[in-house]
Amino acid sequence: AQVRKGVTRMKAMQEEYVNRAMQLRKEGYNCAQAVACAFSDEVGLSEQTLFSVMEGFGGGMGAHQGTCGAVSGAVAVVGLLTSKGSVESGTKSLSYSRSAAILSEFLDKNGSLVCKDLLGDETGHVLRTCDGCVEDAVRMVHNLLQKATIENK
């Protein structure tokens, strides 16, 4: 019963992050901003700071040309939560492996990491909407956080 209660609480927390990101999208945040700002409390930075940092990552880093903004936001959150802020701390490989896990999962689920491909800009075939990408990225970051928390206990 205790495990079930913990799982239920984790799912409720995940839905809170997803709902927060979706609300930010409705307010006009780009995909990268919505993902990163949904975790502002977790990373210890103001929403305003994250908003500014992530602004250039929306729209696939320049009008749908590159990496999905939701994925960029997820990787930024991973770095902020994993890095100890110096070369000497030795956290780079852990940040890379956690980021790679999110990239791999996102690619497997959606068929691409590239905004213009996800939105079907050239093919007319939408693989995933922006809101869907944001939701996926938020869920993947939350799952990674839960796994990291369990591993650190």
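Described in the following lines is the structure provided in the data block. No experiment lies behind these values; they were computed from the predicted model shown. (Residues numbered from 1 in each chain as written. Predicted model: local features only at pLDDT ≥ 70, side-chain atom pairs only at ≥ 80, totals over all residues. Heavy atoms only, no water.)

1. Observations concerning the state of the cysteines
The following threshold applies: Here, a disulfide means two cysteine sulfur atoms that sit within 2.5 Å of each other.
What the rule picks out here adds up to 0 disulfides. Cys130 carries a free sulfur, and the closest cysteine sulfur to it, the one in Cys31, is 3.9 Å from it.

2. Regarding helix H6 (residues 69-82)
Stated formally: Helix and strand assignments follow DSSP, with helices taken as H or I runs no shorter than four residues and strands as E runs no shorter than two, numbered in order from the N terminus. The length a helix should cover is 1.5 Å for every residue beyond the first. In this scheme, a residue with accessible area under 20% of its type's maximum is buried, one over 50% is exposed, and one in between is partly exposed, where area comes from a 1.4 Å probe on protein chains only.
With 14 residues, H6 should reach 20 Å at 1.5 Å per residue; the first-to-last C-alpha distance of 20 Å fits that figure. Turning to H6, its buried residues number three or more, namely Gly69, Ala70, Val71, Ser72, Gly73, Ala74, Val77, Val78 and Thr82.

3. Focus on the packing of helix H2 (residues 31-38) against helix H4 (residues 47-54)
The test is simple: Throughout, an axis means a line fitted to C-alpha atoms (over the contacting stretch in the case of helices), and angles, computed between N-to-C directions, take values from 0 to 180 degrees. Each angle receives one of four descriptions, namely roughly parallel if under 35 degrees, roughly antiparallel if over 145, roughly perpendicular if within 65 to 115, and oblique otherwise. In this scheme, a crossing is called left-handed if the near helix is turned counterclockwise away from the far one by less than a right angle; it is called right-handed if the turn is clockwise. The contact criterion used throughout is that any non-hydrogen atoms of two residues lie within 4.5 Å. Polar here means any residue other than Ala, Val, Leu, Ile, Met, Phe, Trp, Tyr, Cys and Pro, which are nonpolar, and Asp, Glu, Lys and Arg, which are charged; Gly is therefore polar.
Packing of H2 against H4 leaves a shortest axis separation of 9 Å and a crossing angle of 150°. For the element pair H2 / H4, the angle class is roughly antiparallel. Of the two possible hands of crossing, H2 and H4 adopt the one that is right-handed. Residue-level inspection shows Ala32, Gln33, Ala36 and Cys37 of H2 in contact with H4, the latter providing Glu47, Leu50, Phe51 and Met54. Here the contact of H2 with H4 is built from residues that sort into 6 nonpolar, 1 polar and 1 charged.

4. So, the pattern of salt bridges
We apply this condition: Salt bridges are defined by distance alone: a side-chain nitrogen of Lys or Arg within 4 Å of a carboxyl oxygen of Asp or Glu.
Evaluated as defined, the whole model comprises 7 salt bridges. Across the pair Lys116 and Glu122 runs a salt bridge, and its minimum N-O distance is 3.4 Å. Residue Lys116 is classed as buried on the basis of its relative accessible area, which comes to 18%. You can call Glu122 exposed: its relative accessible area is 63%. Note that Arg128 and Asp136 form a salt bridge whose closest N and O atoms lie 2.9 Å from each other.

5. Some words on the side chain of Asn30
Rule in force here: Here a polar contact is recorded for every N or O atom pair within 3.5 Å, except that within protein the pair must consist of a potential hydrogen donor and a potential acceptor, and residues adjacent in sequence are included only if both atoms are side-chain atoms.
Tracing the backbone shows Asn30 in the loop between helix H1 (2-26) and H2. From its side chain, Asn30 meets the backbone oxygen of Glu55 in a polar contact 3.0 Å long. Apart from residues no more than four positions distant in its own chain, Asn30 is found in contact with Arg25, Met54, Glu55 and Gly58.

6. What to know about the packing of aromatic side chains
This is how the line gets drawn: Pairs were defined over the aromatic rings of Phe, Tyr and Trp, the Trp ring being its six-membered one, requiring ring centres within 6.5 Å. Orientation was assigned from the angle between planes: stacked under 30 degrees, edge-to-face over 60, tilted for the rest.
Enumeration according to the criterion identifies 2 aromatic pairs in this entry. Plain terms: the ring middles of Tyr17 and Phe39 are 4.5 Å apart, the flat faces sit at 20° to each other, and that makes the pair stacked. Taken together, the positions of Tyr17 in helix H1 and Phe39 in the loop between H2 and helix H3 (40-43) put the pair 22 residues apart, joining distant regions of the chain. Taking relative accessible area as the criterion, Tyr17 reaches 12% and is therefore assigned buried. Centroid distance Tyr29 to Phe51: 4.9 Å. Interplanar angle 80°. Geometry classified as edge-to-face. Note that Tyr29 is positioned in the loop between H1 and H2 and Phe51 in helix H4, a separation of 22 residues in sequence.

Geometry only, nothing functional implied.
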